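Below are the chains, spelled out letter by letter.
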Amino acid sequence: MLPNYEELSAWLPDLLSGLSISLQVTALSLLIGIPFGLLLALGVLAKSRLTKALALFLVEVGRGAPALVLLQFIYFGLPTSGLTLGSFTAAVIALAWNTGAYTSEIIRASLQSIPHGQREAAVAIGLNRLDALRYVLLPQGLRVALPALLAFSILIFQGTSLCFTIALPELVSRAYEIGSNTFRYFPALLAAGVLYASISIPAALLVSHVEKRAGSYAQR
């Protein structure tokens, strides 16, 4: 049942190519999604009802709809409205939306955890709202949010496996392709799982380390 050396040697280039695409989708989704999440968090905290309502709508749809549904909607649904996107672009947009929706709640909670006295001190020294956010609130809030953001990044990496449903040649797609050609689905998917674990387990250890450091910082 396990793949032998010859099979691994033959499959590894394709699997690594798929892993590369999975990592690219993950990186772009996070680079777009986390700043988007910050904007959504600020929108939810805004005083304007229209801004708050729009931000809440995007957050609730992004969190309420499974990532698979977002992928299907953007890749298969938008073409009916005249907008056709490639599988890579559709994957990045869907996962970035999902990332933004979830991380907005993480960031919002971290910003609200900052003592109100910090805001009062920023006003007392003459900082406007933008400068207070930039120099006082965000540095502290993002430090609190960092462990949760890193942990969510692992979930997004694992979530790229859903992209095989929109014909993106990522890691799971490559494993299925190998399985369909060789009828060795279990060994091919097992090899793909090992590659996922080779990224996820060290990343989880890093998150644990960052959490301990953050806890030590908070106790000072």
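Check the entry above for the structure.
Residues numbered from 1 in each chain as written. Predicted model: local features only at pLDDT ≥ 70, side-chain atom pairs only at ≥ 80, totals over all residues. Heavy atoms only, no water.

Undergrad: Talk me through the environment of A41; I want residue IDs and the actual numbers.
TA: With respect to the element layout, A41 can be found in helix 1 (residues 5–45). Judged by relative accessible area, which is 0%, A41 ranks as buried. Separated by 70 residues in the primary sequence, A41 and L111 place their C-alpha atoms 8.9 Å from one another. (Helix = DSSP H or I, 4+ residues; strand = E, 2+ residues; numbered from the N terminus. Buried < 20%, exposed > 50% of the residue type's maximum accessible area, 1.4 Å probe, protein only.)

Undergrad: Go over the pattern of salt bridges with me, naming the residues and quoting the values.
TA: Inspection of the entire model under this criterion finds three salt bridges. The residue E7 makes a salt bridge to R184 at a minimum N-O spacing of 2.9 Å. Remark: R184 occurs in the loop between helix 7 (171–182) and helix 8 (185–218) and E7 occurs in helix 1; sequence separation between them is 177 residues. Since its relative accessible area comes to 22%, R184 is described here as partly exposed. For the salt bridge of E105 with R108, the shortest nitrogen-to-oxygen distance reads 2.7 Å. Remark: R108 and E105 occur in helix 4 (residues 87–112); sequence separation between them is three residues, near one turn of the helix. (Salt bridge = Lys/Arg side-chain N within 4 Å of Asp/Glu carboxyl O.)

Undergrad: Mind laying out the environment of Y176, listing which residues take part and the relevant values?
TA: Topologically, Y176 is positioned in helix 7. Not counting residues within four places of it along the chain, the set of residues in contact with Y176 comprises F164, Y185 and L189. (Contact = heavy atoms within 4.5 Å.)

Undergrad: Could you give an account of the packing of aromatic side chains, naming the residues involved and the relevant values?
TA: Centre distance and the angle of the planes are the two values used to describe a pair of aromatic rings. Counted according to the given criterion, the structure contains five aromatic pairs. Ring geometry for Y75 versus F76: centroids 4.8 Å apart, planes at 80 degrees, classification edge-to-face. Accessibility expressed as a relative area gives 22% for Y75, which makes it partly exposed. Residue classification places F76 among the partly exposed positions, given a relative accessible area of 45%. (Phe/Tyr/Trp six-rings, centres within 6.5 Å; stacked < 30°, edge-to-face > 60°.)

Undergrad: Help me get a handle on the side chain of S87, residues and values and all.
TA: With respect to the secondary-structure elements, S87 resides in helix 4. Take S87: its relative accessible area is 16%, and that puts it in the buried class. Not counting residues within four places of it along the chain, the set of residues in contact with S87 comprises Y75, I166, A167 and L168.

Undergrad: Which residues make up helix 3 (residues 67–77), and what values do they have?
TA: Along helix 3, the residues classified as buried are A67, L70, L71 and I74. Axial view of helix 3: buried residues confined to an arc of 100 degrees, hence all on one face. On its buried side, helix 3 packs onto helix 2 (49–64) and helix 4. (Arc of directions from axis to C-beta.)

Undergrad: Break down the nonpolar core for me, with residues and values.
TA: Considering soluble globular proteins, one finds that nonpolar side chains tend to be buried as a cluster. Ranked by size, the top nonpolar core spans 18 residues in total, and within it V25, L71, I74, A91, C163 and L168 carry the most contacts. For this core, the secondary structure elements donating two or more residues are helix 1, helix 3 and helix 4. Here this core takes six residues from helix 4, the largest share from any one element. The residues touching L168, leaving out its near neighbours within four places in the chain, are I21, V25, S87, F88, A91, C163 and S173. If you look at the next biggest cluster of nonpolar residues, it comprises 13 residues, including L171, V172, A192 and L195. (Core = buried A, V, L, I, M, F, W, Y, C linked by side-chain atoms within 4.5 Å.)

Undergrad: A description of the packing of helix 2 against helix 4 should follow, citing residues and the corresponding values.
TA: One can describe the packing of helix 2 onto helix 4 by two numbers: an axis separation of 8 Å at closest approach and a directional angle of 110 degrees. In terms of axis orientation, helix 2 runs roughly perpendicular to helix 4. Of the two elements, helix 2 crosses helix 4, and the hand of that crossing is left-handed. The residues of helix 4 that touch helix 2, namely those facing L58, V59, V61, G62 and R63, are W97, N98, A101, Y102, S104 and E105. In terms of residue class, the contact of helix 2 with helix 4 is built from six nonpolar, three polar and two charged. (Axes fitted to C-alpha atoms, helices over the stretch in contact; angles between N-to-C directions. Parallel < 35°, antiparallel > 145°, perpendicular 65-115°, else oblique. Left-handed = near helix turned anticlockwise from the far one by under 90°. Nonpolar A, V, L, I, M, F, W, Y, C, P; charged D, E, K, R; others polar.)

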